[in-house]
Amino acid sequence: MPVIKVEGLSKVFGKNTKQALKLLDEGKSKDEILKQTGSTVGVNRASFEVEAGEIFVLMGLSGSGKSTLVRLVNRLIEPTEGSVFIDGEDLARMDKQGLRKVRREKLSMVFQRFALFPHRTVLENAEFGLEVQNVDKEKRQQKATEALEMVGLGNYINQYPGQLSGGMQQRVGLARALANDPEVLLMDEAFSALDPLIRKDMQDELLDLQESMKKTILFITHDLDEALRIGDRIALMKDGSIVQIGTPEEILVNPANDYVEKFVEDVDRSKVLTAEHIMKRPETVNFEKHGPRVALERMREEGLSSIYVTDGKRNLKGYVTADDASEARKNEIRDINQILKTDVPTVSKDTSMHEIFEIIHDSPVPVAVVEDGKILGIIVRGAVIAALAGEGEVNVENA
Amino acid sequence: MLDFIDKLPIAEIIKSLTVWITDTFSFLFDPIKNQFGDFMEWFGDKLASIPPVIVILIVAIFAFFVSGKKYGLAVFSIIGLWLIYNQGLWEELMLTFALVAISSVLSVVIGVPIGILMSKSKTAESIITPILDFMQTMPAFVYLIPAVAFFSIGMVPGIFASLIFATPPTVRLTNLGIRQVATELVEASEAFGSTGSQKLFKVELPMAKSTIMAGVNQTVMLSLSMVVIASMIGAPGLGREVLSSLQRAQVGTGFVAGIGIVILAIIIDRFTQNLNTQKGK
Ligand SMILES: Nc1ncnc2c1ncn2[C@@H]1O[C@H](COP(=O)(O)OP(=O)(O)OP(=O)(O)O)[C@@H](O)[C@H]1O
Ligand SMILES: [Mg+2]
């Protein structure tokens, strides 16, 4: 069962909500509806599901309805139409008390501009969620301190938010959300107010925390790089509608329409970076010397499911898979040529990231980078995504 | 052409309304008048019976700490209060202070909840705002008339008139202060599952505190001015000195009593303002 399930959710701001919805059905655009009715479409029939432990990113330009959508998920805003289910429970059906319970126990929110309480210390901010649940003081301070330590602010608990830098304040916001130990974190552009370096640190930190916490995270951003780095799946929004949902790869490789494509094109690294930047030293076997046995051994050592085969001069011949190799060993086949596969996906040194992506997307093995028939390196799928998302592991020496 | 109907009997209507209220609610007004009047008298006497030296010292010490360990206000308080004592107006001062203190406390106790109500409900706001406008623009003297009708003369009608005149700023600024709290902070408290009263007491009131205190400061100043006017209906204190000097055309004594009021006003004003800035840091 998905932790968050959003079904046909719409929000129209203004008076003529019924009329606006009708116009939406007729396929009118957000602008036309604003002109005709004076109402603003915030979110238009959004549907998606977020599974437990997943980081689901909502991405879109300013004004595309991201904040509205996330506030509908914890019902800070009443929907005009549609429903939200948290752990299968319909939020709209809940009375005030039920809603409070869900907010206290399951959902925590991190705000775009921190929204810390200036009259409370860092610790008092972090314990707010527990305080409203009337957890006793000792226990809530202990939990809040733990959360603050987790985000690296253990030494600042008695400061006031105004005394901290932006990055530190955002950590307090995160700690405040974590102290409740919620199932779900709603993060509305949580890192947008930070400068790029701190922002990257915070992203890393979130990913690290997520390793151990395994929360379900609905993360909002208007930045594709950020989305690619941290998202398990990404939903792209435009004018209140979700135009595409998919893994980072799917979005990059198969943009659903021009809008998404434009977004994706803006990932400028994909144009600047080429194959040689992200290739790794290849693990190969020499068919003149080695048999399936050696190939299998190598694959075991390196934890691979396939390995490239060359001749003595590193000319690429093909590859063998681990399955075939172990089959061959059982059947006492000595000659590696009998299990050699030659449908090798290859690119050249200066193939662009975009093209690599399309090749690697439906290839079962890493892509080989070749020059004059010789293998220079291999590219694994993860490296492409990492590079597109701006992670550091780019081989600059190769360039 | 404008005389198409006779003069509307507004004055008569108000008059009979007041009579009706006085008669109907005398069961309420009379005990207030008596009990509360007794209490006021007792309170005033108690204040006046504390040796002036002690009062002056206490005020000076408070002034020192309230103004952030500076000497200015403390020195001013000592000299000012001594001067009033020296002019033989100490008892009047204490009575005026008692009236101001009681009516301000009542104004705040009544005003803050009304302000909260206004901030929470658009309907309440649109009903109460014109009433507040009316209360503040009506000349202060007018309130003395029904006050006398309800509570006859003395301290109690003075406080009643002062309540009507001085409460609006507290109400207005409480409303304003709460409405000004950043939406994100309100959202944050809701998102973590606050109840309405948790939101109010943990977020909205603390955030609105300095605005509310600005209103309270105005309320205190207005009640001081009203308490002086209320001397016309028999409220005791410095105001009565001014009034009797006026009636007898005694410029000197009138001026001295006036100075006493100014000194009291300055001390009270600085106290409430400093309390505000200190806590609002
Ligand atoms: N309270 C409101 N009243 C009226 N219209 C609103 C309100 N809140 C949002 N909107 C409108 O809804 C649309 C979506 O706004 P929203 O804040 O959700 O965008 P966003 O994607 O979060 O943008 P940003 O990246 O700038 O934060 C906008 O057109 C906005 O004008
Ligand atoms: Mg937003």
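None of these values were measured; they are calculated from a predicted model.

A few points about the overall build of chain A
- For chain A, the helix and strand inventory stands at 18 helices and 16 strands.
- Overall, the C-alpha framework of chain A stretches about 75 × 55 × 40 Å when taken along its three principal axes.
- Per-residue burial over chain A gives 54% buried out of 399 residues.
- Within chain A, residue pairs in contact and separated by at least 24 positions form 67% of the contacts whose partners lie at least 6 positions apart.
- Surface accessibility of chain A: about 18500 Å² in total, with carbon and sulfur atoms responsible for 44%.
- For chain A, the separation between the mean place of its 53 positive charges and that of its 66 negative charges on side chains is 4 Å.

Some words on the interface of chain A and chain B
- Taken together, the contact pairs 27 residues of chain A with 16 residues of chain B.
- Summing both partners gives a buried area of about 1800 Å² for chain A against chain B, and 61% of it is carried by carbon and sulfur.
- Across the chain A-chain B interface, the total number found is two salt bridges.
- With a closest N to O distance of 2.8 Å, Arg71(A) and Glu187(B) form a salt bridge.
- Where chain A meets chain B, there are seven residue pairs in polar contact (both at pLDDT 80 or more).
- Those elements giving two or more residues to the side of chain A that touches chain B turn out to be α4 (96-105), β6 (107-110), α6 (128-131) and α8 (166-179) of chain A.
- Here the residues of the side of chain A that touches chain B sort into twelve nonpolar, seven polar and eight charged.

Comments concerning helix α10 (residues 196-229) of chain B
- Look at α10(B): only 41 Å from first C-alpha to last across 34 residues, short of the 50 Å you get at 1.5 Å a residue.
- Where α10(B) bends most, the angle comes to about 60°, and this point is Lys209(B).

Digging into the pairing of strand β9 (residues 233-238) of chain A
All names here are of chain A.
- As paired strands, strand β3 (residues 55-60) and β9 are joined by five bridges and run parallel to one another. Considered in β9, the bridge of Phe56 is made with Arg233.
- With five bridges connecting them, β9 and strand β10 (residues 241-246) associate as antiparallel partners. Counted as the bridge partner of Lys238 is Ser241 from β10.

Focus: the site of ligand 1
All names here are of chain A.
- Lining the immediate surroundings of ligand 1 are 14 residues, of which Ser62, Gly63, Lys66, Ser67 and Thr68 lie closest.
- Contacts to ligand 1 include Lys66, whose side-chain N or O atom sits 2.8 Å from an oxygen atom.
- Within the side chain of Thr68, a nitrogen or oxygen atom sits 2.5 Å from an oxygen atom of ligand 1.
- When residues of the shell around ligand 1 are traced back to their parent elements, those giving at least two are β2 (40-50) and α3 (66-73).
- Sorting elements by how many residues they give to the shell around ligand 1 places α3 first, with three residues.

As for the UniProt feature "domain: CBS" (unreviewed entry) in chain A
- The UniProt record annotates "domain: CBS" (unreviewed entry) at residues 278-336 and 340-394 of chain A.
- Across residues 278-336 of chain A one finds 36% helix and 24% strand; the C-alpha atoms that close the span lie 29 Å apart.

Concerning the confidence of the model for chain B
Residue and element names in this part refer to chain B.
- Of all residues in chain B, 99% have pLDDT values of 70 or greater, and the mean over the chain is 89.
- Element-level mean pLDDT values for chain B span from 85 in helix α7 (residues 144-151) up to 94 in helix α9 (residues 183-191).
- The ipTM assigned to the predicted complex is 0.79, against a pTM of 0.77.

Overview of the pattern of salt bridges
- Applying the stated criterion across every chain, the model contains 29 salt bridges over all chains.
- For Asp223(A), the salt bridge is made with Arg199(A), and the minimal N-O distance between the two is 2.9 Å. Highlighted residues: Asp223(A) in the loop between β8 (216-221) and α10 (224-230) and Arg199(A) in helix α9 (residues 196-213), separated in sequence by 24 residues.
- The buried category is assigned to Arg199(A), whose relative accessible area is 14%.
- Here Asp269(B) and Arg270(B) are joined by a salt bridge, their closest N and O atoms 3.5 Å apart.

Description of the confidence of the model for chain A
- Averaged over chain A, the pLDDT score is 86; the fraction of residues at 70 or greater is 95%.
- Segment residues 392-399 of chain A: pLDDT under 50, and eight contacts once partners within four positions in sequence are set aside and those in other chains are kept.

Points about the domain arrangement of chain A
All names here are of chain A.
- On domain assignment, one finds that chain A holds domain 1 (4-106 + 182-267) and domain 2 (275-389).
- The distance between the C-alpha centroids of domain 1 and domain 2 comes to 40 Å.
- Taken together, the nine residues of domain 1 in the interface contact eight residues of domain 2.
- On the domain 1 side of the interface with domain 2, the three residues burying the most area are Glu249, Leu252 and Val253, jointly 57% of the side's total.
- Between the two partners, domain 1 and domain 2, sit zero salt bridges.
- Taken together, the links from domain 1 to domain 2 amount to zero residue pairs in polar contact (both at pLDDT 80 or more).
- Those elements giving two or more residues to the side of domain 1 that touches domain 2 turn out to be α10 and α11 (248-253).
- A breakdown of the residues in the side of domain 1 that touches domain 2 according to their chemical character gives five nonpolar, one polar and three charged.

Scoring rules and cut-offs
- Residues numbered from 1 in each chain as written.
- Chains lettered and ligands numbered in written order.
- Predicted model: local features only at pLDDT ≥ 70, side-chain atom pairs only at ≥ 80, totals over all residues.
- Heavy atoms only, no water.
- Helix = DSSP H or I, 4+ residues; strand = E, 2+ residues; numbered from the N terminus.
- Buried < 20%, exposed > 50% of the residue type's maximum accessible area, 1.4 Å probe, protein only.
- Contact = heavy atoms within 4.5 Å.
- Areas by Shrake-Rupley, 256 points an atom, 1.4 Å probe, with all protein chains shown as cover.
- Lys, Arg positive; Asp, Glu negative; His and termini not counted.
- Charge placed at Lys NZ, Arg CZ, Asp CG, Glu CD.
- Buried area = accessible area lost by both parts, 1.4 Å probe.
- Salt bridge = Lys/Arg side-chain N within 4 Å of Asp/Glu carboxyl O.
- Polar contact = N/O pair within 3.5 Å; in protein donor to acceptor, adjacent residues only side chain to side chain.
- Nonpolar A, V, L, I, M, F, W, Y, C, P; charged D, E, K, R; others polar.
- Expected span 1.5 Å × (residues − 1).
- Bend = angle between axes of the 7 residues up to and from the residue.
- Pairing = 2+ DSSP bridges.
- Near = heavy atom within 4 Å.
- UniProt positions renumbered as here; feature names shortened; annotations may be inferred.
- pLDDT = per-residue confidence, 0-100.
- Domains from an automatic or database assignment.

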